[in-house]
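Summary of the model geometry
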Number of protein chains: 2
Amino acid sequence: MLKGNLIYGQSGGPSSVINASAYGVITEAQKNHDSIEHIYVMQHGIEGILNNHYFDIDDYIHQIDLLPITPASAFGSVRYKLKSHTDDITDYIKILDFFKNKNIRYFIYNGGNDSMDTCVKIANYMRSVNYDIQVIGVPKTVDNDLPYTDHTPGFGSAAKFIVNTMMQISLDSKVYPKGKVTIVEIMGRHAGWLTASSHVSSLQGMGPDLVYIPEIAFNETKFLEDVNRIYQKNHNCLIAVSEGVKDETGDFLGLRNKTTDAFGHNQLGGVGVYLGEIVKQNLGIGYRAIELSSTQRAAAFIRSKSDVLEAIEVGRQAVQYAVAGETEKMVTINRVSNNPYKVEYGLHEVRDIANLEQVIPNEMLDIENNNVNKKFYDYIIPLIEGEYEQIYDRGVQKFFNITKKR
Amino acid sequence: MLKGNLIYGQSGGPSSVINASAYGVITEAQKNHDSIEHIYVMQHGIEGILNNHYFDIDDYIHQIDLLPITPASAFGSVRYKLKSHTDDITDYIKILDFFKNKNIRYFIYNGGNDSMDTCVKIANYMRSVNYDIQVIGVPKTVDNDLPYTDHTPGFGSAAKFIVNTMMQISLDSKVYPKGKVTIVEIMGRHAGWLTASSHVSSLQGMGPDLVYIPEIAFNETKFLEDVNRIYQKNHNCLIAVSEGVKDETGDFLGLRNKTTDAFGHNQLGGVGVYLGEIVKQNLGIGYRAIELSSTQRAAAFIRSKSDVLEAIEVGRQAVQYAVAGETEKMVTINRVSNNPYKVEYGLHEVRDIANLEQVIPNEMLDIENNNVNKKFYDYIIPLIEGEYEQIYDRGVQKFFNITKKR
């Protein structure tokens, strides 16, 4: 193992705990003086390396304890897909130059499937030119769709936000004698984990009456029957729907919602509005569509303690594994037991993870009743447990601020 | 003063602290055995009395400590405007019958302007028939638009949610090298208090670049100039807009957003989408519109401690004043000092409050720069201070549940 410097980067959609992983990486790297001399952070992930935009962590050490309580990607993120170096070598020449200039021997990349794809490609190229570097992926996604890990940091906190927000929306939407059909659209383009977490609210008697996820094909006739039955009984109906819900042919429902705006343009609306419109059209019941949007992945003020602690730990583990000589692998979380909840950390080849999506397995679903079963609850409850304390100054959360250098 | 029973009701839009006021009313009424024998609560406010639907608080005493931590209107709310008894006496005969049957001598009604109008009308009628009853209003509105009170319970917590959520959205919206114009639509049909609170986020360097409130006329030319200038500089622009923002002629901008849906119907969209469309049309910049919707008034997981405590206290004060013989008045909060923050409680005639709306006074605004000034910050900061602790059970908030009788 060569002694050298470490660079860390954030990639893909932000989460409320990705900076907790940054904290884990940075503080663990600081402890490994024998292997790691200096710590850099990419500005906007891999694009920072291509443009020579990076941060020297020494400039931010005074704020480092704010990282675990700060949502979104504090160092900037990116959605940039590297071509294979055999197709186009341009980017790789820049990356190699940067690595050599800065003596980078540890490349720690924090993100989801696409970020692991970046890890694969960089590792492949560096191997081909005999540049010695340890490439380790740190998992992150609110969608919980990474394979070979029990779950992914970011999911537990987003799920906790969904569970508690759906309870609050449920209470709010039922205050009047005669309500509406309220449809809440939740993130998850291919996997319904976040949307399905709202079943936990229903366990409390304060959740959605109906939940639609991509894993179970949407049937419009059944949908209208169910909404009508519930509304006629309760004068109210609360629905949770995943943005990625699909019909029997596998087409996204959201793509059907072409509306024409004031300027005559076609607008691609959300699936919530689409479902509301078919309710209004077919049942004559008014609706309200709520899109939780970015608040669900950035809500630092309600996070799961186990999620935050695990996010820190996967960062630490990444550094430990890299220093131990591991490369081209992603840190994984392996559940040992549910009660008490216990996990161990491990590794899996990044190339297996790059292009695979983990949806909710059938064994956790009650497909016939459009529901989840006990296995799902046993899986999810430990992930939302515990509250991680935020720091407030006169009512305002204190956050890490990249514009404030030492 | 006649010894008798008390009935309490909730009316108008819910807030995250109206049940804290219910808690104040109920627990204070319990202490006043000499005047108050029994405590009832209307189901869906005044409509509960008209339909003989009510709760006996004895059935819920085991859950009473959950009220201060439960958002929305736990006993149901209503939007029902009583006619004057001189126009139509039907409702009043039912109300008088109910009062006589249940020996109601204390009528405590919790809500905003319209709820105070209900207090006025009931008090007028009861006086005309010589039915002896104390009618006291308890203030509630997230919009903070009630006059003769420094502020209204519900506002501080909603404002705290807005301040912290806008910071989170700001961080989230700026993670990529090239962003969009993000427009967040915030409640407040006539008063911009909630939307203006997002200026507090900007004080932290993590808030909206531009804020639009009903108190300052919207100028489209200036808006497009400002958005373009900021976007060209930062590749990003975050906007907070009140749902009630108006143009120079006083018309709501939101009413302009007539879109045609998939079924050929005209849809009335929000002002956020409208602003986004004029940005796209005129500047060719992509946008994302976020409507915070009911989450902003129901977010129990981030509330202001001073707001919760004051909400409890206005409930207590209402009972104390009623028992002391006061009637046809609403409890008010009078600010004594900002530093340290100190308030006193008082009363004001409900008839003055019923039809008046308190907007942000000019002295707190910097109209020329479409901004607020120090007076606004001095006013708002104490209202969002402190965190009120929620109770979680395995990651899920514990809430009062009206379906669970003792």
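Note that the structure is predicted; figures quoted are calculated from it, not measured. (Residues numbered from 1 in each chain as written. Chains lettered and ligands numbered in written order. Predicted model: local features only at pLDDT ≥ 70, side-chain atom pairs only at ≥ 80, totals over all residues. Heavy atoms only, no water.)

What to know about the overall build of chain A
Within chain A one finds 13 helices and 17 strands. Taken over the C-alpha trace, chain A has a radius of gyration of 23 Å; the compact-globule value for 406 residues is 22 Å, and the two agree within 12%. Projecting the C-alpha coordinates of chain A onto the three principal axes gives extents of approximately 70 × 45 × 45 Å. By residue count, 63% of the 406 residues in chain A fall in the buried class. For chain A, contacts bridging at least 24 residues in sequence account for 77% of all contacts bridging at least 6. When the accessible surface of chain A is summed, it comes to about 15100 Å², and 45% of that surface belongs to carbon and sulfur atoms. Treating the 40 positive side-chain charges of chain A as one cloud and the 49 negative ones as another, the clouds have centres 4 Å apart. (Helix = DSSP H or I, 4+ residues; strand = E, 2+ residues; numbered from the N terminus. Rg over C-alpha atoms; globule rule 2.2 N^0.38 Å. Buried < 20%, exposed > 50% of the residue type's maximum accessible area, 1.4 Å probe, protein only. Contact = heavy atoms within 4.5 Å. Areas by Shrake-Rupley, 256 points an atom, 1.4 Å probe, with all protein chains shown as cover. Lys, Arg positive; Asp, Glu negative; His and termini not counted. Charge placed at Lys NZ, Arg CZ, Asp CG, Glu CD.)

Brief notes about the relation of the copies chain A and chain B
Think of it as a corkscrew move, a rotation about one axis and a shift along it, taking one chain copy to the other. You can overlay chain A on chain B at an RMSD of 0.0 Å; the transform is a turn of 180° with a shift of 0.0 Å along its axis. The transformation relating the two chain copies, once decomposed into turn and shift, fits a two-fold axis. Both copies contact each other with a shared surface, as 100% of the interface residues of chain A are interface residues in chain B too. (Least-squares fit on C-alpha atoms with pLDDT ≥ 70 in both.)

Quick word on the packing of aromatic side chains
Overall, the coordinates contain 37 aromatic pairs over all chains when judged by the stated rule. On the basis of an interplanar angle of 85° and a centroid distance of 5.8 Å, the ring pair of Phe 55 of chain A and Tyr 60 of chain A is categorised as edge-to-face. Each member of the pair, Phe 55 of chain A as well as Tyr 60 of chain A, is classed as buried. Pairwise contacts between aromatic rings join Phe 155, Trp 193, Phe 376, Tyr 377 and Tyr 379 of chain A into one cluster. The residue whose ring lies beneath Lys 102 of chain B is Phe 98 of chain B, and the NZ or CZ to ring-centre distance is 5.9 Å. A cation sits over an aromatic face here: Arg 189 of chain B above Phe 252 of chain B, 4.6 Å from the ring centre. (Phe/Tyr/Trp six-rings, centres within 6.5 Å; stacked < 30°, edge-to-face > 60°. Lys NZ or Arg CZ within 6 Å of the ring centre and 35° of its normal.)

Examining the environment of Ala 217 of chain A
All names here are of chain A. Its location among the elements puts Ala 217 in the loop between strand S7 (210-212) and helix H8 (220-234). Here Ala 217 falls in the partly exposed class, since its relative accessible area comes to 45%. For the pair Ala 217 and Val 135, spaced 82 residues apart in sequence, the C-alpha to C-alpha distance is 39 Å. Among residues more than four places away in sequence, those in contact with Ala 217 are Lys 246, Asp 247 and Glu 248.

Observations concerning the pairing of strand S1 (residues 4-10) of chain A
Residues and elements named next belong to chain A. Taken across its seven residues, S1 has seven buried, putting it largely inside the fold. Strand direction decides the pairing type here: S1 and strand S2 (residues 36-42), joined by four bridges, are parallel. Note that in S2 the partner of Ile 7 across the bridge is Tyr 40. In this fold, S1 hands off to helix H1 (residues 18-31), which returns the chain to S2; that crossover is right-handed. (Pairing = 2+ DSSP bridges. Right-handed = clockwise from strand over helix to strand, strands pointing away.)

Focus: the nonpolar core
Membership of the largest hydrophobic core comes to 95 residues, with the highest contact counts inside it found for Leu 194, Phe 376 and Ile 380 of chain A together with Leu 194, Phe 376 and Ile 380 of chain B. Once residues within four sequence positions are removed from consideration, Leu 194 of chain B is found in contact with Val 142, Asp 143, Phe 155, Ala 158, Ala 159, Ile 162, Ile 186, Met 187 and Gln 296 of chain B. (Core = buried A, V, L, I, M, F, W, Y, C linked by side-chain atoms within 4.5 Å.)

Topic: the sheet that holds strand S13 (residues 341-349) of chain A
Residue and element names in this part refer to chain A. Reading across from one edge, S3-S2-S1-S4-S5-S12-S13 is the order of the seven strands in this open sheet, with mixed pairing throughout. In the strand order of this sheet, the two ends are held by strand S3 (54-56) and S13, each with one partner. Recorded for the sheet is a direction-independent mean angle of 30° between the axes of neighbouring strands. Here nine bridges tie strand S12 (residues 329-338) to S13, and the two strands are oriented antiparallel to one another. Counted as the bridge partner of Lys 329 is Glu 349 from S13. Contacting S1, S2, strand S4 (104-111) and strand S5 (134-139), H1 crosses the sheet at an angle of about 175° to S1. (Axes fitted to C-alpha atoms, helices over the stretch in contact; angles between N-to-C directions.)

Digging into the sheet that holds strand S5 (residues 134-139) of chain B
Strands in a sheet are paired, the pairing made by backbone hydrogen bonds, and the direction either parallel or antiparallel. Residue and element names in this part refer to chain B. Taken together, the seven strands give an open sheet; going across it, the order is S3-S2-S1-S4-S5-S12-S13, and neighbouring strands pair in mixed fashion. Of all the strands in the sheet, just strand S3 (54-56) and strand S13 (341-349) have a single pairing partner and so form its edges. Taken over all neighbouring pairs, the strand axes of this sheet differ in orientation by 30° on average, direction set aside. Note: strand S1 (residues 4-10) against strand S4 (residues 104-111), six bridges, orientation parallel. From the neighbouring strand, Gln 10 faces S4, where its bridge partner is Asn 110. Lying over the sheet, helix H1 (residues 18-31) contacts S1, strand S2 (36-42), S4 and S5, oriented at roughly 175° with respect to S1. Along the sheet, helix H4 (residues 113-128) contacts S4, S5 and strand S12 (329-338); its crossing angle with S4, the most-contacted strand, is approximately 160°.

Remarks on the interface of chain A and chain B
Tallying the contact residues gives 69 residues for chain A and 69 residues for chain B. A combined buried area of about 5600 Å² lies between chain A and chain B, and 59% of that area is made up of carbon and sulfur atoms. For the interface between chain A and chain B, the tally reads four salt bridges. Across the contact surface, chain A and chain B share 26 residue pairs in polar contact (both at pLDDT 80 or more). Those elements that place two or more of their residues in the side of chain A that touches chain B are helix H5 (155-173), strand S9 (258-260), helix H9 (271-283), strand S11 (287-291), helix H10 (295-298), helix H13 (374-384) and strand S17 (396-397) of chain A. With 10 residues, H5 of chain A is the largest single contributor of residues to the side of chain A that touches chain B. (Buried area = accessible area lost by both parts, 1.4 Å probe. Salt bridge = Lys/Arg side-chain N within 4 Å of Asp/Glu carboxyl O. Polar contact = N/O pair within 3.5 Å; in protein donor to acceptor, adjacent residues only side chain to side chain.)

So, the pattern of salt bridges
Residue and element names in this part refer to chain A. On inspection of all chains with the given rule, the structure shows 34 salt bridges over all chains. Between Arg 229 and Asp 226 there is a salt bridge, with the nearest N and O atoms lying 2.9 Å from each other. Of this pair, Arg 229 and Asp 226 both sit in helix H8, three residues apart, which is roughly one turn of that helix. What makes Arg 229 exposed here is its relative accessible area of 51%. On the basis of relative accessibility, which here comes to 10%, the residue Asp 226 falls in the buried class. Of the charged contacts in the structure, one is a salt bridge between Glu 349 and Arg 351, with a shortest N-O distance of 3.7 Å. Three or more residues are tied together by salt bridges with common partners; here these are Lys 81, Asp 117 and Lys 121.

Section: the side chain of Asn 110 of chain B
Residues and elements named next belong to chain B. Tracing the backbone through its elements, the reader meets Asn 110 in strand S4. Within polar-contact distance, the side chain of Asn 110 engages the side chain of Tyr 8 at 2.6 Å. Beyond its immediate chain neighbours, meaning those up to four positions away, Asn 110 contacts Tyr 8, Gly 9, Gln 10, Ser 11, Ile 18, Ser 21, Ala 22, Ser 115, Val 138, Pro 139 and Lys 140.

Considering the packing of H1 of chain B against helix H11 (residues 305-323) of chain B
Residue and element names in this part refer to chain B. Here H1 crosses H11 at 40°, and the two axes come no closer than 7 Å. On the basis of the axis angle, H1 is oblique to H11. Judged by the sense of rotation from one axis to the other, the crossing of H1 with H11 is right-handed. Every residue of H11 that contacts H1 at Ala 20, Ser 21, Tyr 23, Gly 24, Val 25, Glu 28, Ala 29 and Lys 31 is listed here: Val 308, Ala 311, Ile 312, Val 314, Gly 315, Arg 316, Val 319 and Gln 320. Residue composition of the contact of H1 with H11, grouped by class: nine nonpolar, four polar and three charged. (Parallel < 35°, antiparallel > 145°, perpendicular 65-115°, else oblique. Left-handed = near helix turned anticlockwise from the far one by under 90°. Nonpolar A, V, L, I, M, F, W, Y, C, P; charged D, E, K, R; others polar.)

Brief notes about the environment of Glu 248 of chain B
All names here are of chain B. Relative to the elements of secondary structure, Glu 248 occurs in the loop between strand S8 (237-242) and strand S9 (258-260). Glu 248 sits 29 residues away from Asn 219 along the chain, and the two C-alpha atoms are 7.0 Å apart. Setting aside residues no more than four positions away along its own chain, Glu 248 makes contact with Ala 217, Phe 218 and Asn 219. In terms of polar contacts, Glu 248 uses its side chain to reach the side chain of Asn 219, at 3.3 Å.

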